[in-house]
Every structure is written in C-alpha cells, then in structure tokens.
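# Survey of secondary and tertiary structure
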Amino acid sequence: MAKSATGLLRRLDQRPPLLQGRHDGARRSLATAGEKYVRVKEAASGERSPKAWTALESSVNELVSKLEKAGDPMVADAWLLLARCTRFQKGRRDDTLAAYVNALFSDRDNVEAWSEFLEYICSAAHVPTLLDIYARVPMSVRPSLVHQFLAVSHGADRHGGVTARGGARLRAALESLAESQNDDGTVAVLAADRGLRAEKAGDVDDAVAGYRRAVAAGSTDAKVADRLSIWLVKQGLHAEAAAVLTQALSRPPEAASTRERLEKRLQRCERALS
C-alpha cells in the first residue's frame, strides 16, 4: 500500500490541469451514476448483482473520459466515484489509489477525496506515507483534515492501525512539518490536543505548555481557552487570561452556556485589572 501510494503521490507535485470546459450530458449522467452507487452500496449482499460494481465502474469510466476530453472540472467527482466503485472489488487496491489521486490531481481542494483517500490508506497505515500525504494537502484544506490525522495518530480511526509509538512519532512529525510551513492552524490543533490529554493524565505543567502553544498559534478553541484561563486566574495572571478569552471569543462558541461562561470570566479579569 505504502509503495503504491508513494509512487502515485508524485503526480500531485505536477501542475494541476486547467479545467474550464463543460459537458452537461456527462454531468447529468454522473449525477445518475452517483444515485446508483448509493443504491448498490446500500443493497444487502444477497440482493446485489455480482456484476453490479463492474457495471457501474464501466459507465463511470466512460464519464471520466467524456469529462476529461471536455476539460470539465466535474471530472474530479467522476474520478472520486470511480474510486468508490473499485474499492469494493477484490484485488483493485492500486486502481482505487490511482483513482483517488487522479481526483485530487483534478481538484486539489476536494475535501471528500482527501478524507476518503486517507481513510483508505489507513487500512494499512504507514507513518512516512501519512506524512507524505499531509505535506501535499493544501493549507485551505488542512483544517478539515487535521482532526482526522489526529484520530489516526491516536488509533481512534476505523482501522486503528497506528501503534502508540507510531502515533506519537506522527504527531511530532506533523507539528514539525506545520511549523516549517508556518501552518499555525495545524500547530494549534496538535498543541491543544497535547494539552487536553496531559491535563487528563494529571500533568498540569505539560497541559499549560500545550494550551499556551495552541493560543500562541492562534487557537480559538473554547475548551482550550476555558481550561487555560481557569489556571491563569488561579495564578493571578489576569492579563494573560483576558487575552486568551478575548481571542477565543473572537469566534464565539456555538453553545450559549460556554459563551456566557467565557464572557463572565473575561469580565472578572477586566475588573481585576482595573
């Protein structure tokens, strides 16, 4: 799996194609094929024709060809659908990987394709390959994927194939990569996770260090702000607590109770400072 993926990933280092065409007929057929995919996938194994996947694959292959010739950006969705068809067929691993990579080559911002590609790769997780993948994920997409990578590192994904040691190595390498690329969003998520887990384990010093690193990287995570500001207020560090809370409230938490709790603590810090 790793060897096949590594070779295919080099395709994403090439300039993406210029897709500005449109093929309305193929688009309509693609929508119909997508509906058929759902029906085939959800059908009980005894009710599904033995040729259901291959028949659907054949029709989607034709749509890929039509959309590519037209230069239609929907070809990315066609490649993604093709990957979904082949992944359920025995012995089609490399074809599935290639289809996912072609989908990403056609649309680097396709979050669904990145997420499914990662999930598929993790059926035989390999830390260096996961890093190779993350290095190629556009900055605009990383906020949608970093938590998935984090779950994989903790063995909390569907496959659970990464060991504790491998997961720690993956998180450290992801943070190093993110720092080298000024990817504060990833650094903030990783540091926040480290802080929360350290606090749960009873290591307050490491927890505070993680929370502070997350805030310095721009985190607006309400849970981080809540936990860190409680500790800061106890230490009499009202100015730092106020800054942490103000940063978190710049993107108000959805839960009204959480928002009100942070706002009240901020008011207490401001009164203490005045």
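The following refers to the structure shown. From a predicted model like this one, the values you see are computed outputs, not experimental measurements. (Residues numbered from 1 in each chain as written. Predicted model: local features only at pLDDT ≥ 70, side-chain atom pairs only at ≥ 80, totals over all residues. Heavy atoms only, no water.)

## Focus: the environment of Leu118
Inspection of the secondary structure puts Leu118 in helix H6 (residues 111-121). Look at Leu118 and you get buried, because its relative accessible area is 1%. Apart from the residues within four sequence positions on either side, Leu118 is in contact with Leu130, Gln148 and Phe149. (Helix = DSSP H or I, 4+ residues; strand = E, 2+ residues; numbered from the N terminus. Buried < 20%, exposed > 50% of the residue type's maximum accessible area, 1.4 Å probe, protein only. Contact = heavy atoms within 4.5 Å.)

## A word on the pattern of salt bridges
Scanning all chains against the criterion turns up 18 salt bridges. With a shortest N-O distance of 3.0 Å, Arg194 and Glu175 are connected by a salt bridge. Of the two residues, Arg194 is situated in helix H10 (residues 184-200) and Glu175 in helix H9 (residues 164-180); the sequence distance between them amounts to 19 residues. The class of Glu175 is buried, set by a relative accessible area of 13%. Salt-bridge contacts for Arg212 lead to Glu240; the nearest nitrogen and oxygen are separated by 2.9 Å. Linking Arg212 in helix H11 (residues 204-216) with Glu240 in helix H13 (residues 238-249), this pair joins segments that are 28 residues apart in sequence. Residue classification places Glu240 among the partly exposed residues on the basis of a relative accessible area of 29%. (Salt bridge = Lys/Arg side-chain N within 4 Å of Asp/Glu carboxyl O.)

## Comments concerning helix H7 (residues 127-136)
Owing to its 3.6 residues per turn, the α-helix brings residues three or four apart onto one side. If you check which residues of H7 are buried, you get Val127, Thr129, Leu130, Ile133 and Tyr134. Down the axis of H7, the buried side of the element spans an arc of 160 degrees, and every buried residue falls inside it. Buried positions along H7 lie against helix H1 (2-9), H6, helix H8 (142-153), H9 and H10. (Arc of directions from axis to C-beta.)

## Considering the packing of H1 against H7
At a closest axis distance of 10 Å, the pairing of H1 and H7 adopts a crossing angle of 20 degrees. Taken together, the axis directions place H1 and H7 in an arrangement best described as roughly parallel. In the packing of H1 onto H7, the handedness of the crossing is left-handed. Counting all contacts with H1, which are made through Ala2, Ala5, Thr6 and Leu9, the residues of H7 involved are Thr129, Asp132, Ile133 and Arg136. Broken down by class, the residue content of the contact of H1 with H7 amounts to 4 nonpolar, 2 polar and 2 charged. (Axes fitted to C-alpha atoms, helices over the stretch in contact; angles between N-to-C directions. Parallel < 35°, antiparallel > 145°, perpendicular 65-115°, else oblique. Left-handed = near helix turned anticlockwise from the far one by under 90°. Nonpolar A, V, L, I, M, F, W, Y, C, P; charged D, E, K, R; others polar.)

## A closer look at the side chain of Asp226
Structurally, Asp226 can be placed in helix H12 (residues 222-234). Owing to a relative accessible area of 11%, Asp226 belongs among the buried residues under this scheme. Looking at Asp226, its side chain comes within polar contact range of the side chain of Arg265, at 2.6 Å. (Polar contact = N/O pair within 3.5 Å; in protein donor to acceptor, adjacent residues only side chain to side chain.)

## Thoughts on the layout of surface pockets
Each pocket or cavity is described by its volume, and for the largest pocket that value is around 470 Å³. Contributing to the lining of the largest pocket are 19 residues, with His147, Gly185, Val189, Ser219 and Asp221 lying nearest its centre. Elements with a contribution of two residues or more to the lining of the largest pocket: H8 and H10. In terms of residue count, the dominant contributor to the lining of the largest pocket is H10 (7 residues). Partitioning the lining of the largest pocket into residue classes produces 8 nonpolar, 6 polar and 5 charged. (1 Å grid on protein atoms, 1.4 Å probe; cavity = no way out; pocket = protein on both sides within 12 Å on 5 of 7 lines; lining within 4 Å. Points joined across faces, edges and corners; volume = space filled by probe spheres on them.)

## A closer look at the packing of aromatic side chains
Evaluation of the coordinates by the stated rule reveals 5 aromatic pairs. Centre to centre, the rings of Tyr37 and Trp53 are 5.8 Å apart; their planes meet at 50 degrees, and the pair counts as tilted. Of the two residues, Tyr37 is situated in helix H2 (residues 24-42) and Trp53 in helix H3 (residues 52-70); the sequence distance between them amounts to 16 residues. Here Tyr37 falls in the buried class, since its relative accessible area comes to 9%. According to the relative accessible area criterion, Trp53 is buried, its value standing at 9%. Considering the side-chain rings of Tyr100 and Tyr120, the 6.0 Å spacing of their centres and the 50 degrees angle between planes classify their relative orientation as tilted. Of this pair, Tyr100 sits in helix H5 (residues 93-106) while Tyr120 sits in helix H6, and the two are 20 residues apart along the sequence. By relative accessible area, which is 11% here, Tyr120 ends up buried. Directly above the ring of Phe105 sits Arg11, whose terminal nitrogen or CZ lies 3.8 Å from the centroid. In this arrangement the basic side chain of Arg87 is found over the ring face of Phe88, its NZ or CZ atom lying 5.9 Å from the centre. (Phe/Tyr/Trp six-rings, centres within 6.5 Å; stacked < 30°, edge-to-face > 60°. Lys NZ or Arg CZ within 6 Å of the ring centre and 35° of its normal.)

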